[in-house]
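# Architecture at a glance
Take a look at the letters that make up each chain.
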Amino acid sequence: MPPGGRQYWIRTEQGRVWGPYPIDALERLRGQLTENAQASLDGKEFRSGMDFPELRSLLTERKAAPAPPPTPPPPRAHPTPAAGMYVGPALRAMIEGAATRKAPEEPAAAPPHEKPAPPAPKPPGPPVMRPAAVMQSDKLELAEQGNLAEVSPVRLYALAALAGANGWLELQLESGRMITISFRRGTPDHVSSDDPDLSLLRFLQGRKIVTAEQAARAELHATKGGVDVVSALFQLQFIPPADAHKLLGEHAMFLLDRAIETSRGAFTFEKDAPSPPGAFALGHKWTLLAEAVRRLDPSPLRARLGKQLGCHVQRSGGSSIGKLEELALTAQEARLYASIDGTRLGEELVEQHGAPVTLRLLHLLTELKHLSFGEAAEEPRPAAAAPPPPAPAAVPEPAVQAAPPPAPRPAAAARPTPARGSAPVAKPAPPPPKPAAPTRTYATPPLDETPEAQLARLRGVVARLEKGTHFEALGLDRKATPTEVKKAFVLLARDLHPDTVTDPSQAELRGVKESLFARVNEAAQVLGDDAQRKEYEAELTGDKKDVDVGRIFDAEEKFQKAEIFIKARKYKEGVALLDEAIQLNDTEAEFYAWRGYARFLLAGDRKVAFDDCASEVKKALKLVDRCLPAHLFLGHMHKVVGNLKAATSSFQRVLDLDEKHVEAQRELRLMGKKS
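Residues numbered from 1 in each chain as written. Predicted model: local features only at pLDDT ≥ 70, side-chain atom pairs only at ≥ 80, totals over all residues. Heavy atoms only, no water.

## What about the pairing of strand β6 (residues 167-172)?
Sheet topology places β6 next to strand β7 (residues 178-184); six bridges connect them, and they run antiparallel. Counted as the bridge partner of Leu-171 is Ile-179 from β7. Where β6 folds back onto β7 in an antiparallel hairpin, the turn is made up of five residues, including Gly-176, whose phi is positive at roughly 95°. With six bridges joining them, β6 and strand β9 (residues 266-271) adopt antiparallel strand pairing. (Pairing = 2+ DSSP bridges. Helix = DSSP H or I, 4+ residues; strand = E, 2+ residues; numbered from the N terminus.)

Dropping the structure here:
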């Protein structure tokens, strides 16, 4: 194929991937790329851009782009990008602008005696799916009002945090109720709602901090005394004053979760509205948002993302909202984000990394425009069905003289017999099959059950499950498969979801269902994740030792910071943090792999330090043989000291674990090996 007809992917020094675009469109990037940029013809295998003669001028010259002509370009239809990858709207507009500034070629005039050829028909193909980031507002500013179906609460929160906004974000729900988030310099300092089911008293009842009787007394006391509910709770000594700040903060987080999960309704933003009395900052603005998304139910998220999961996921080329570092991603989320290179579909990421964490991270980062969905994967077109064979011609039968009919029997009527050669009597159609009865669970109510009877029955279920296992909570045995776990959760959620209680007077029944739904959701989350299920089963059999969860979380946080320092070539600071992480948790394989590699990079004489550093990396492999970073780091270390055979073996082992690992593929190509 001539260079003019090729499509190129470009990877910058910062790791961003742009394309595919023809070389004419890439002219707009002249002066913005260095000779260190890489190029690819398939979006998977990248080589140095200098290996492509037609791209060398783009990578070496740094000339300012010519100013656009004063006259507007003629209108033209926007071309559809090639399937595979998506770039953000800002970069799309920048690249497509180059084509619009070119003078359109005048078609050659046809001879008078010849008719112009008809336009070639467009080839059929799958419909183009536009990414969600384009469907929503691309302006990095918070509108005064709008529809939540077009701009999600996550996007609205992020825009307020980015702008350091002051004011009230009011979410009008479909039920007619309102949730109000007060922002002060971009940080939420108060969350309230006019929904009585979301009130502080109802929240405290659900947490079993106050009883229904105490809540009623506090509400009556507040009405008579002209004070707020919090003061009434203090005066009646139902809650200690020392716990007030904590309980109010937890209630605000509860309301924030309800706001973030909203998908329908309207919103308004009242700029510079004052914060309510007693408001206080609820925490770091970006961490609060990330934590709220981590608490979302993954099932509605899958429905919300819908067909986009069948598209390629890649890092956006346009402007993002906020910095990725401020979201404080967990180690699992960081690994998931690092694996996104534009070649995997959303469903593939879900299958590889697990549904809960993947769906939540995709929702968060696409709304913040760090990630975007590309075009839909092309499905194979079904072959046209063969026409049915022609019916055989009817063969006439010879005429047969009919015999005289027998005398009728008086006892019983004769059965009518169709005459020979006439059409047979049509048999009555069989009755349609009865629909299958819905699957019942322990939560399925009997017919004509009253709300009072249902409340009493579900209270008994709550008491039984308080000491029950996760398997009992889902009504399964210990041999249940992940598919059976998911099915059991869906069936139980059908009967236990709090939204099934629509009568406001049945608040107690709703509270019991909230408790049961949370119990079932927790069980499904644990048993649906292989690692968590294995750990839980070990705990049930008594094989698990007591674990200090706080130390594990602290170690993970230090490890994340160490990764950032090492990638920034601050090896000394990274090693110090890894030392602390290993002291807190000495069973994590990746900690040793990163520390051994960082010490190797920090050493003055790397050949002398190789044995000690490689020994520490191999310690990670003794803990977890499939520790991919350990094999990758060993490959780099062997290559530095000149042991190319061992380096090849390590890089090949990386590809055995992840056949699409870009870095290992590149290293083997540079060493002259086929991956």
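## Some points on the packing of helix α15 (residues 451-465) against helix α18 (residues 507-527)
In the contact formed by α15 and α18, the axes pass within 10 Å of each other and the chain directions differ by 30°. One element, α15, and the other, α18, form an angle in the roughly parallel class. α15 and α18 meet at a crossing whose hand is left-handed. Mapping the contact onto sequence places Gln-454, Leu-455, Leu-458, Arg-459, Val-461, Val-462 and Leu-465 in α15 and Glu-508, Leu-509, Val-512, Lys-513, Leu-516 and Arg-519 in α18. (Axes fitted to C-alpha atoms, helices over the stretch in contact; angles between N-to-C directions. Parallel < 35°, antiparallel > 145°, perpendicular 65-115°, else oblique. Left-handed = near helix turned anticlockwise from the far one by under 90°. Contact = heavy atoms within 4.5 Å.)

## What to know about the sheet that holds strand β4 (residues 47-48)
Strand order in the open sheet formed by four strands is β2-β1-β3-β4, and the pairing between neighbours is antiparallel. Each of the sheet's edge strands pairs with one partner strand only, and the pair in question is β2 (17-21) and β4.

## Quick look at the packing of helix α23 (residues 606-623) against helix α24 (residues 628-640)
In helix packing, the relevant descriptors are the interaxial angle and the interaxial distance, both defined with respect to the helix axes. Between α23 and α24, the least distance of the axes is 10 Å, while the angle of their chain directions is 165°. With respect to their mutual orientation, α23 and α24 come out roughly antiparallel. When you trace α23 past α24, the crossing you get is left-handed. Side by side, α23 and α24 meet where Arg-606, Phe-610, Cys-613, Ala-614, Val-617, Lys-618, Ala-620 and Leu-621 of the first sit next to Ala-630, His-631, Leu-634, Met-637, His-638 and Val-640 of the second. Residue composition of the contact of α23 with α24, by class: ten nonpolar, two polar and two charged. (Nonpolar A, V, L, I, M, F, W, Y, C, P; charged D, E, K, R; others polar.)

## Things to note about the side chain of Asp-189
Residue position: Asp-189 is located in strand β8 (residues 187-193). At a separation of 2.7 Å, a polar atom in the side chain of Asp-189 contacts the side chain of Ser-275. (Polar contact = N/O pair within 3.5 Å; in protein donor to acceptor, adjacent residues only side chain to side chain.)

## So, the nonpolar core
The biggest cluster of nonpolar side chains holds 56 residues, and the ones touching the most others in it are Leu-289, Leu-364 and Leu-368. Among the elements that take part in this core, helix α5 (residues 153-163) stands out by supplying seven residues, more than any other. In terms of nonpolar packing, the next biggest core, distinct from the first, is built from 32 residues, Tyr-571, Ala-593, Tyr-597 and Met-637 among them. (Core = buried A, V, L, I, M, F, W, Y, C linked by side-chain atoms within 4.5 Å. Buried < 20%, exposed > 50% of the residue type's maximum accessible area, 1.4 Å probe, protein only.)

## Considerations on the pattern of salt bridges
What the rule picks out here adds up to 25 salt bridges. The salt bridge partner of Glu-261 is Arg-258, with a shortest N-O separation of 2.9 Å. Across the pair Arg-294 and Glu-333 runs a salt bridge whose closest N-O atoms are separated by 2.8 Å. Of this pair, Arg-294 sits in helix α10 (residues 285-294) while Glu-333 sits in helix α12 (residues 331-338), and the two are 39 residues apart along the sequence. With respect to burial, Arg-294 and Glu-333 carry one shared label: buried. Salt bridges here are not isolated pairs; linked through shared partners, they connect Asp-579, Arg-595, Arg-599 and Glu-616. (Salt bridge = Lys/Arg side-chain N within 4 Å of Asp/Glu carboxyl O.)

## Notes on the sheet that holds β6
Taking strand neighbours across the sheet as the criterion, the five strands line up as β5-β9-β6-β7-β8 in an open arrangement whose pairing is antiparallel. Both edges of this open sheet fall to β5 (145-147) and β8, since each of them pairs with a single strand only. Going from strand to strand, the sheet's axes swing by 20° on average, the running direction of each strand aside.

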